[in-house]
Amino acid sequence: MRNISLFFIIGFLFLISACTDIEQQIIGDENAWSFSRIVYEYTEAFDVIESIDSNDVGEIYFYENGRGWWDNGSLRVKQDTILGDSFQWVLDQEEEQVMLSFDFPLIPYGNDRNFDFRVVESSNNAQLWRYSEEGSVFQPLRRDSVDTKTIWQWQLSRD
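Just so it is clear, the structure is predicted and the values come from calculations on it, not from any experiment.

Chemist: Before we go on, may I ask you to explain the nonpolar core in this structure?
Modeler: In a soluble, globular protein the nonpolar side chains are often hidden away together inside. If you look at the biggest cluster of nonpolar residues, it comprises 27 residues, and the most contacted ones within it are Ile 60, Phe 62, Leu 100, Trp 129 and Trp 154. Those elements that place two or more of their residues in this core are α1 (2-27), β1 (32-44), β3 (59-62), β7 (85-92), β8 (97-103), β9 (112-122), β10 (126-139) and β11 (144-157). Considering each element in turn, this core owes the most residues, five residues, to β1. Residues within four places of Trp 154 in sequence aside, it is in contact with Phe 35, Arg 37, Ile 38, Ile 60, Trp 70, Leu 100, Phe 117, Gln 127, Leu 128 and Trp 129.

The following block contains the structure:
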């Protein structure tokens, strides 16, 4: 009986340390993560309207105070809109998700946008994050709503 209790305590401590490891790995000793690859796709109905598959897009920084900075280099989406700069981030340890909150000053995005990225893989030197969102958009010419889907996949690395 004592061995079973000890096993559960050790398992619980391992689970707690695994959850905090994601945050420690994101912040780490060196704050900069490089985008080794970024994939973006926006579809309406079944037609791909916009897509990006790019390497070496810039760097992203995560700070302990829940703030971050995205130096996105030359990445542009939707009429040359810059997608980055400062943001806030929150890690949901149970769901293994990172919510990034951007304040876009441009109309296509509204002011505040939140992206809940799922942490698919996490280590000290590599991260794989995915985000997807489904919705609908009204098409005036068709006088109907069209289903939309947005997908982001980030491969982050540290040298």
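Chemist: Explanation requested: the pattern of salt bridges in the structure shown.
Modeler: Any two side chains of opposite charge can pair, so long as their charged atoms come close to each other. Under the criterion given, the structure shown has two salt bridges. Here Asp 53 and Arg 37 are joined by a salt bridge, their closest N and O atoms 2.6 Å apart. In this pair, Asp 53 sits in strand β2 (residues 47-54) while Arg 37 sits in strand β1, placing the two residues 16 residues apart along the sequence. Across the salt bridge formed by Glu 134 and Lys 149, the nearest N and O atoms sit 3.8 Å from each other.

What counts and how
- Residues numbered from 1 in each chain as written.
- Predicted model: local features only at pLDDT ≥ 70, side-chain atom pairs only at ≥ 80, totals over all residues.
- Heavy atoms only, no water.
- Core = buried A, V, L, I, M, F, W, Y, C linked by side-chain atoms within 4.5 Å.
- Buried < 20%, exposed > 50% of the residue type's maximum accessible area, 1.4 Å probe, protein only.
- Helix = DSSP H or I, 4+ residues; strand = E, 2+ residues; numbered from the N terminus.
- Contact = heavy atoms within 4.5 Å.
- Salt bridge = Lys/Arg side-chain N within 4 Å of Asp/Glu carboxyl O.

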